[in-house]
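Close look at the chain arrangement
Single-letter residue listing:
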Amino acid sequence: MLATMCTLSLTPALSLLLRRRHVHRSAVDLPLSSNFSLHCFSPKPPPTLPLHFLYRAPHAPTARTSSPSFTPRAAAGGALLQDAGATAAVLAGAYCLVLAFDTLTERKLIKQKLSRKLVHILSGLLFAISWPIFSTSNVARYFASSVPLVNCLRLVIYGRSLAIDEGLVKSLTREGNPEELLRGPLYYVLILMLCALVFWRESPVGVISLAMMCGGDGVADIMGRRFGLIKLPYNRQKSWVGSISMFISGFLISIGMLYYYSALGYLRLNWMSTIQRVAWVALVATIVESLPTTETVDDNLSVPLISMVVTYLSFGF
Ligand SMILES: Nc1ccn([C@@H]2O[C@H](COP(=O)(O)OP(=O)(O)OP(=O)(O)O)[C@@H](O)[C@H]2O)c(=O)n1
Ligand SMILES: C/C(=C\CO)CCC[C@H](C)CCC[C@H](C)CCCC(C)C
């Protein structure tokens, strides 16, 4: 795979950040409508492949990495330290987020249903936003995935009543039944783990799927409960307001996440076609979420999984 070395004509800080990270570029030089341009200089232009293909750029040499004392072992040690620190920080963030909403609910400053949905919306989106703080090593995704894994174990322990945490149960379940933790919340963290492990930062599939599950489905619930008077003809449990809210929020949050990752150099997208593709994903996910199948297949599975399939078919990676 031909490697190219790229630098961005962005602010010096962001350019410096990128020089230390993998910068991926498509082999197909796509016009970027965003407000930065990618100046790539490489021994020779990469072959233009028929398919949309990503190139992994090497670490650009810096003053530190060019010094005689710099060794691959030192780099590996630094990456492991960075990933361990990032994992600890995200784990702490997850614990504090749930604790904060648990406290707000306990003090009756926020209703339980709204608290649960805000945790649903924020957890996954903040998790995806945190991925760039992990190193560029090949094991970074495993460190990141350990955060939903720890929460998965936590949900199983409390869901099977092997230990008691009334605050957690109250803030994450509809009826306060610990076994509920083994359904929606457990599927949710399993999807977070899947997105980090399989798709990570190099593919739009993971971030778009999380945007639809967390942002789209979460906002649909909040708006639908509050304003959803006109129900869907084929599903009296869901409403037009809820579904339209899911489409709009899922679309906008997906675009926002893709812009975030392209601004950091992980993705290079043709925004005209990207907007169309994301709209398709949002439409399909909204239709699936509106179907009367929640009792058989939880939304926390159906929405992200259909989003993964449609995004993969649309973007090709
Ligand atoms: N397209 C949608 C989605 C949700 N809702 C509203 O939000 C509520 C919960 O939606 P649902 O998708 O069932 O969310 P759950 O994940 O099951 O919510 P929870 O587990 O918090 O009950 C529905 O009863 C409905 O009032 C809606 O009106 N239209
Ligand atoms: C109630 C929920 C889903 C039901 O629809 C959300 C469950 C949330 C998990 C228990 C906590 C998940 C935490 C994430 C893995 C990491 C978040 C890190 C971020 C920095 C806050």
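Residues numbered from 1 in each chain as written. Chains lettered and ligands numbered in written order. Predicted model: local features only at pLDDT ≥ 70, side-chain atom pairs only at ≥ 80, totals over all residues. Heavy atoms only, no water.

Structural notes on the domain arrangement of the chain
Going by this rule: Here the bounds of each domain stem from an automatic or database domain assignment. For this analysis, residues touch if any pair of their heavy atoms sits within 4.5 Å. By buried area we mean the combined loss of accessible area, with a 1.4 Å probe, across both parts when two parts are placed together.
Domain boundaries in the chain define domain 1 (80–200) and domain 2 (202–317). Here domain 1 and domain 2 have C-alpha centroids that lie 20 Å from each other. Opposite the 23 residues of domain 1 that make contact, domain 2 presents 29 residues. Counting each side, the surface lost to burial between domain 1 and domain 2 is near 2,300 Å², with a carbon and sulfur contribution of 75%.

Observations regarding the UniProt feature "transmembrane region" (unreviewed entry) in the chain
Which entries qualify depends on this criterion: UniProt positions are given in the numbering used here, feature names are shortened, and annotations may be inferred rather than shown by experiment. Per the convention used, a helix needs a DSSP run of H or I reaching at least four residues, while a strand needs a run of E reaching at least two, with both numbered from the N terminus.
The UniProt record annotates "transmembrane region" (unreviewed entry) at residues 84–105, 117–134, 181–200, 206–228 and 240–261. Between the C-alpha atoms that bound residues 84–105 there is a distance of 32 Å. The span itself is 100% helix and 0% strand. Its end C-alpha atoms 27 Å apart, residues 117–134 is made of 78% helix and 0% strand.

Details of the pattern of salt bridges
So the rule is basically this: What makes a salt bridge here is a side-chain nitrogen of Lys or Arg within 4 Å of a carboxyl oxygen of Asp or Glu, nothing more.
According to the stated counting rule, one finds six salt bridges in the structure shown. Taking the shortest distance from any N to any O, the salt bridge between K117 and D221 comes out at 3.6 Å. Residue K117 is located in helix 4 (residues 112–130), and its partner D221 is located in helix 8 (residues 204–227); the two are separated by 104 residues in the primary sequence. A salt bridge links K238 to E289; the shortest N-O distance between them is 3.1 Å. Linking K238 in strand 6 (residues 235–239) with E289 in helix 10 (residues 271–290), this pair joins segments that are 51 residues apart in sequence.

Let's talk about unusual backbone geometry
Just so we agree on the cut-off: For each residue, the accessible area found with a 1.4 Å probe, counting protein chains only, is set against the maximum for its type, and the residue is called buried under 20%, exposed over 50%, and partly exposed in between.
Phi angles above zero are rare outside glycine, and K108 is one such case at about 55 degrees. Within the fold, K108 resides in the loop between helix 3 (72–106) and helix 4. Residue classification places K108 among the exposed positions, given a relative accessible area of 73%. Residues other than glycine seldom take positive phi values, yet W200 does so here, at roughly 50 degrees. For W200, the location among the structural elements is in the loop between helix 7 (184–199) and helix 8.

What about the site of ligand 2?
Rule in force here: Residues are labelled near a given molecule or strand when at least one of their non-hydrogen atoms is within 4 Å of it. We define a polar contact as two N or O atoms separated by no more than 3.5 Å, with the added condition that, inside protein, one atom must be a possible hydrogen donor and the other a possible acceptor, whereas residues neighbouring each other in sequence contribute only through side-chain atom pairs. Accessible surface area values rest on a Shrake-Rupley calculation with a 1.4 Å probe, where residue burial reflects the displayed protein chains alone. Three classes are used, and their members are as follows: Ala, Val, Leu, Ile, Met, Phe, Trp, Tyr, Cys and Pro are nonpolar, Asp, Glu, Lys and Arg are charged, and the others, Gly among them, are polar.
Near ligand 2 there are 17 residues, and of these H120, S123, L172, L192 and N300 occur at the shortest range. In this structure, H120 approaches ligand 2 through a side-chain N or O atom, which is 2.7 Å from an oxygen atom. Calculation on ligand 2 without its partners gives an accessible area of 610 Å², and the protein chains cover 96% of this total. Of all the secondary structure elements, the ones that give two or more residues to the shell around ligand 2 are helix 3, helix 4, helix 5 (140–159) and helix 7. With five residues, the top contributor of residues to the shell around ligand 2 is helix 7. Here the residues of the shell around ligand 2 are counted per class, giving 10 nonpolar, six polar and one charged.

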